[in-house]
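For reference, the chains in residue letters:
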Amino acid sequence: MNAPPSEAESLAHERQQLYRDMSPLHLTPLWEVLHALVPPQPNSPCVSTLWRYEQVRPFLQRAGELISAEEAVRRVLILENPGLPGKSAITQSLYAGLQLILPGEVAPSHRHTQSALRFIVEGTGAYTAVDGERTLMHPGDFIITPSWTWHDHGNEVNEPVVWLDGLDIPMVSFFDAGFAENGAAISQPVTRNEGSSYANFGHNMAPVRSSSPFGQSSPIFNYPYARSREALHQLEAHSPVDPWDGFKLRYINPLSGGAPMPTIQPFLQRLPSGFEGKAWRQTDGAVYSVVEGSGTAEVTGTTGTVRFHFNPRDHFVVPSWQTLRLHSAQGCVLFSFSDRPAHQALGIHREERIS
Ligand code: GTQ
């Protein structure tokens, strides 16, 4: 003999019936999902992850043997976050990958609305061309490809060149605002001398009748490592160390003082030897590329703490609102980038320095 349903049971049953009845009209009840839609704090599905270069490099090599840069268009191994399988994303809003270009190869000209950065990881002397100007790449150089600018990459030297690509692909996809075109020729014509962008905009000066050649993005598209590294040397020699960041600078658009691109803010930081950083967190998930030295990143999220020991050319990701603590016995230099400008434009950026 079944007992009659309690009042609570029949109410639950009637609610389920309500949901089923309205579902053909594409209606769903907010109260079943409100907590997840408006969480008390970020709870990113991203997982903090380290990619060791010594483990990645052989796969780049094998890819280089199996597909040309031209056939691939971009020969890139995507750094895919294990918490976002199949999404080609390193955080919910950012894409990252390692691109290989071998001697004699060209990655053909195209343009797209996604903004891109390159951070050179290995090899000297490949070039990237942006809207008619080429720039040679050296390890540690930070290069941008602003939205909708023509770009191709080539290697006319005799060593392989590898760089980190960082793009706002998931963000542009979220907004359904992706457009792309292929160039008429594999390499775009060179119309400006190498260094002309830097000469016009890279010395705290600008043309008198200055326009912004790349709209909201920086008119400088190569920020050479030699200059950025020198700045950190000077700071380390003469300035107090920040207990959270060591010595950390952001790359800027010299015309605005803001980020070099509307969606991505890159940084370069030096941790002096013996640095034991304090913990902090921010809403903008960040991708790190290790340039010099070694250290440890300790990342704490709701599911616990992971520790990565990192070496040059390793990459790691710190998800939104997970706390980061950096240590370096030897001293190190770290490049990083995040989607901070988008958070700031939306008025939702938060940062907390903890201890
Ligand atoms: O170099 O244009 O890693 O379009 C992904 C998409 C690089 C590029 C990537 C791209 C590029």
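Residues numbered from 1 in each chain as written. Predicted model: local features only at pLDDT ≥ 70, side-chain atom pairs only at ≥ 80, totals over all residues. Heavy atoms only, no water.

## Quick look at the pattern of salt bridges
1) Next: The final tally for this structure, using the stated rule, is 14 salt bridges.
2) Next: Arg75 is the partner of Glu105 in a salt bridge, and the nearest nitrogen-oxygen pair spans 2.6 Å. Here Glu105, found in the loop between strand E3 (95-101) and strand E4 (106-112), pairs with Arg75, found in the loop between helix H4 (69-72) and strand E2 (76-78); they are 30 residues apart in sequence, far enough to count as distant.
3) Next: Classification of Arg75 as buried rests on a relative accessible area of 3%. (Salt bridge = Lys/Arg side-chain N within 4 Å of Asp/Glu carboxyl O. Helix = DSSP H or I, 4+ residues; strand = E, 2+ residues; numbered from the N terminus. Buried < 20%, exposed > 50% of the residue type's maximum accessible area, 1.4 Å probe, protein only.)

## Observations concerning the site of the ligand
1) Next: Residues in contact with the ligand, as listed here, are Arg74, Val76, Tyr95, Gln99, His110, His112, Arg118, His151, His153, Asp165 and Leu167.
2) Next: His110 places a side-chain nitrogen or oxygen 2.8 Å from an oxygen atom of the ligand.
3) Next: Within the contact set of the ligand, an oxygen atom lies 2.9 Å away from a side-chain nitrogen or oxygen of His112.
4) Next: Within the complex, 89% of the 290 Å² of free accessible area of the ligand lies under protein. (Near = heavy atom within 4 Å. Polar contact = N/O pair within 3.5 Å; in protein donor to acceptor, adjacent residues only side chain to side chain. Areas by Shrake-Rupley, 256 points an atom, 1.4 Å probe, with all protein chains shown as cover.)

## Remarks on the side chain of His315
1) Next: Locating His315 in the fold gives a position in strand E20 (residues 315-318).
2) Next: The class of His315 is buried, set by a relative accessible area of 1%.
3) Next: A distance of 3.1 Å separates the side chain of His315 from the backbone oxygen of Arg313, its partner in a polar contact.
4) Next: With residues near it in sequence (within four places) discarded, His315 still touches Thr49, Leu50, Trp51, Leu79, Leu98, Val121, Leu164, Tyr288 and Ser289. (Contact = heavy atoms within 4.5 Å.)

## A word on the confidence of the model for the protein
1) Next: In this model, the protein carries an average pLDDT of 97, and 100% of its residues clear a pLDDT of 70 or more.
2) Next: Confidence scores differ between elements of the protein, with helix H2 (residues 34-37) showing the lowest mean pLDDT of 94 and strand E22 (residues 332-338) the highest of 99. (pLDDT = per-residue confidence, 0-100.)

## Re the packing of aromatic side chains
1) Next: Counted by the stated rule, this structure contains 13 aromatic pairs.
2) Next: With a centroid separation of 4.0 Å and 10 degrees between ring planes, the pair formed by Phe119 and Phe335 is classed as stacked. Taken together, the residues Phe119 in strand E5 (residues 116-122) and Phe335 in strand E22 connect sequence positions 216 residues apart.
3) Next: Overall, Phe119 belongs to the buried group, its relative accessible area being 1%.
4) Next: You can call Phe335 buried: its relative accessible area is 0%.
5) Next: Ring geometry for Tyr288 versus Phe316: centroids 4.7 Å apart, planes at 5 degrees, classification stacked. Residue Tyr288 is found in strand E17 (residues 286-293), and its partner Phe316 is found in strand E20; the two are separated by 28 residues along the sequence.
6) Next: Of the residues examined, Tyr288 reaches a relative accessible area of 1% and is grouped as buried.
7) Next: For Phe316, a relative accessible area of 0% gives the class buried.
8) Next: One aromatic cluster is present, formed by Phe119, Phe142, Tyr223, Tyr251, Phe335 and Phe337 through successive ring pairs. (Phe/Tyr/Trp six-rings, centres within 6.5 Å; stacked < 30°, edge-to-face > 60°.)

## Observations concerning the sheet that holds E22
1) Next: An order of E1-E20-E17-E22-E14-E13 is seen for the six strands of this open sheet, with the pairing classed as antiparallel. Where the open sheet ends on each side, the last strands, each with one partner, are strand E1 (49-51) and strand E13 (247-250). Each strand of the sheet is rotated relative to its neighbour by a mean of 20 degrees, with strand direction disregarded.
2) Next: Alignment of strand E14 (residues 265-271) against E22, held across seven bridges, turns out to be antiparallel. If you follow Gln269 over to E22, its bridge partner there is Leu334.
3) Next: Running over the sheet, helix H7 (residues 225-238) touches E13, E14, E17 and E22 and is turned about 45 degrees from E14. (Pairing = 2+ DSSP bridges. Axes fitted to C-alpha atoms, helices over the stretch in contact; angles between N-to-C directions.)

## Focus: the sheet that holds E2
1) Next: The six strands are arranged E2-E3-E10-E5-E8-E12 in an open sheet whose pairing can be described as antiparallel. Each edge of the sheet is formed by a strand with only one pairing partner; in this case those strands are E2 and strand E12 (222-223).
2) Next: Bridge count between strand E8 (residues 142-145) and E12: two bridges; the pairing is antiparallel. The residue of E12 that forms the bridge with Ile143 is Asn222.
3) Next: Helix-sheet contacts for helix H3 (residues 53-66) involve E2, E3, E5 and strand E10 (161-167), and the interaxial angle to E3 is about 55 degrees.

## Describing the environment of His233
1) Next: Residue placement: His233 occurs in helix H7.
2) Next: Along the chain, His233 and Arg270 lie 37 residues apart, while their C-alpha atoms are 8.4 Å from each other.

## Re H3
1) Next: Along its 14 residues, H3 runs 20 Å from first to last C-alpha, staying within 8% of the 20 Å computed at 1.5 Å per residue.
2) Next: Of the positions making up H3, those classed as buried are Tyr53, Val56, Arg57, Leu60, Ala63 and Gly64. Take H3 and look down its axis: the buried residues cluster within an arc of 120 degrees, on one side only. Among the exposed residues of H3, those oriented more than 90 degrees off its buried face are Glu54, Gln55, Arg62, Glu65 and Leu66.
3) Next: At its buried positions, H3 is contacted by E1, E2, E3, E5 and E10. (Expected span 1.5 Å × (residues − 1). Arc of directions from axis to C-beta.)

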